[in-house]
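Understanding the architecture of this molecule
Chain residues, written in single-letter form:
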Amino acid sequence: MNKFLAASILVLLLASPAFSYEEIEYKKFKFEESSCDVGVHYKSAQKGLLIGVSAIATGKGAEFRKWKVSDIKISMDGRRFRPDKESNFYVTEESLFRVPGAIVFAAIGAFGEYGGSNLNNNLSKIGVGLGMGLIALQAKGEITGKRCLFNIPSDKLDNMNEGADFIDILIENEDLHLKEQMKIAIIKPSGEPGGKYNFAGMTRDGLSELMDTLKDKITVLEKEQADYKYGEDPEFDVIQKKIESCETERGMAYKAWFDRNTKRSE
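Residues numbered from 1 in each chain as written. Predicted model: local features only at pLDDT ≥ 70, side-chain atom pairs only at ≥ 80, totals over all residues. Heavy atoms only, no water.

**Here we look at the overall build of the protein chain**
What counts, and what does not: For helices the rule is a DSSP run of H or I covering at least 4 residues; for strands it is a run of E covering at least 2, with both sets numbered from the N terminus onward. Here, two residues are considered to be in contact whenever any of their heavy atoms come within 4.5 Å of each other. Surface accessibility follows the Shrake-Rupley procedure with a 1.4 Å probe radius. Residue values consider only the protein chains on display as shielding.
What the protein chain contains, in helices and strands, is seven helices and 11 strands. A sequence separation of at least 24 residues applies to 72% of the contacts in the protein chain between residues at least 6 apart. Carbon and sulfur atoms make up 48% of the accessible area of the protein chain, which amounts to about 13300 Å² in all.

Structure below.
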């Protein structure tokens, strides 16, 4: 594998300065006619806070590819802010359903601010796994996602209210004239520098077993969740948070597993 490509693929959560703190979240919203997979990456630094967001909307049946992410903004201190940087990305159906967390995290990581390399200018595609398809920066006929980056200066962080400020995502199907809106509460990253997902002590086989275990756990949770209704039963939301936590860990474990394979192929 090309060394430049290997160093650039899945650049999320690479080496960070000692003052940098990170948090990463995977979210999935389920509606009657559509769903939306979302990745959020918070990275704090001396100059402020970077918030990377990626989202993929899909519909049901014949409407699967007709839902799009039309808008992503941040609502903060009573004001709405547009991204400092945004673009589309494209993904295969197979990749999205196999490891959705890895897909949305890789889309955020394709921004130069997260890895020191502007893949928009240097690469046409980002491989996200052996036999798992591609996230492409330019493509036709694939599922379209939107990714964006918000830069919150340090002088505005003091006004951030974790209970009231949020990421606002709008998805729509223009043919059916349907829209859905999602809100994700903004958090301030804390904890250990570089984030909480550290798999340095695990082997490739160990990571593979972890991913399989998490997948099995997600399957069990989804079956349990099927007994409840979204928007009606509080149990649905409790189980959904557990699923999202497992998908987050599985996506990051996949990133570590992929890095191990990349190093062996150099």
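After that view, the rundown keeps rolling.
**Some thoughts on the sheet that holds strand β10 (residues 166-173)**
This is how the line gets drawn: At least two DSSP bridges between two strands are required for those strands to pair. With axes taken as lines fitted to C-alpha atoms, and helix axes fitted only over the stretch in contact, angles between N-to-C directions fall between 0 and 180 degrees.
On the basis of which strands lie adjacent, the open sheet formed by four strands has the order β5-β4-β10-β11 and antiparallel pairing. Every interior strand has two partners, whereas the edge strands, β5 (79-81) and β11 (178-185), have only one. Across the sheet, the axes of successive neighbouring strands diverge by a mean angle of 30°, strand direction being ignored. Strand direction decides the pairing type here: strand β4 (residues 68-76) and β5, joined by three bridges, are antiparallel. Within β5, the residue paired with M76 across the bridge is R79.

**As for the confidence of the model for the protein chain**
Short version of the rule: For every residue, the pLDDT score states the predictor's confidence, bounded by 0 at the bottom and 100 at the top.
Taken residue by residue, the protein chain gives an average pLDDT of 77. The fraction at 70 or more is 76%. The secondary structure element of the protein chain with the lowest average pLDDT is helix α4 (residues 119-122), at 34, and the one with the highest is β10, at 95. Counting contacts from residues 111-134, a segment whose pLDDT is below 50, to residues more than four positions away or on other chains yields 82 contacts.

**Observations concerning unusual backbone geometry**
The phi torsion at H177 lies on the positive side, around 55°, for a residue other than glycine. Structurally, H177 can be placed in the loop between β10 and β11.

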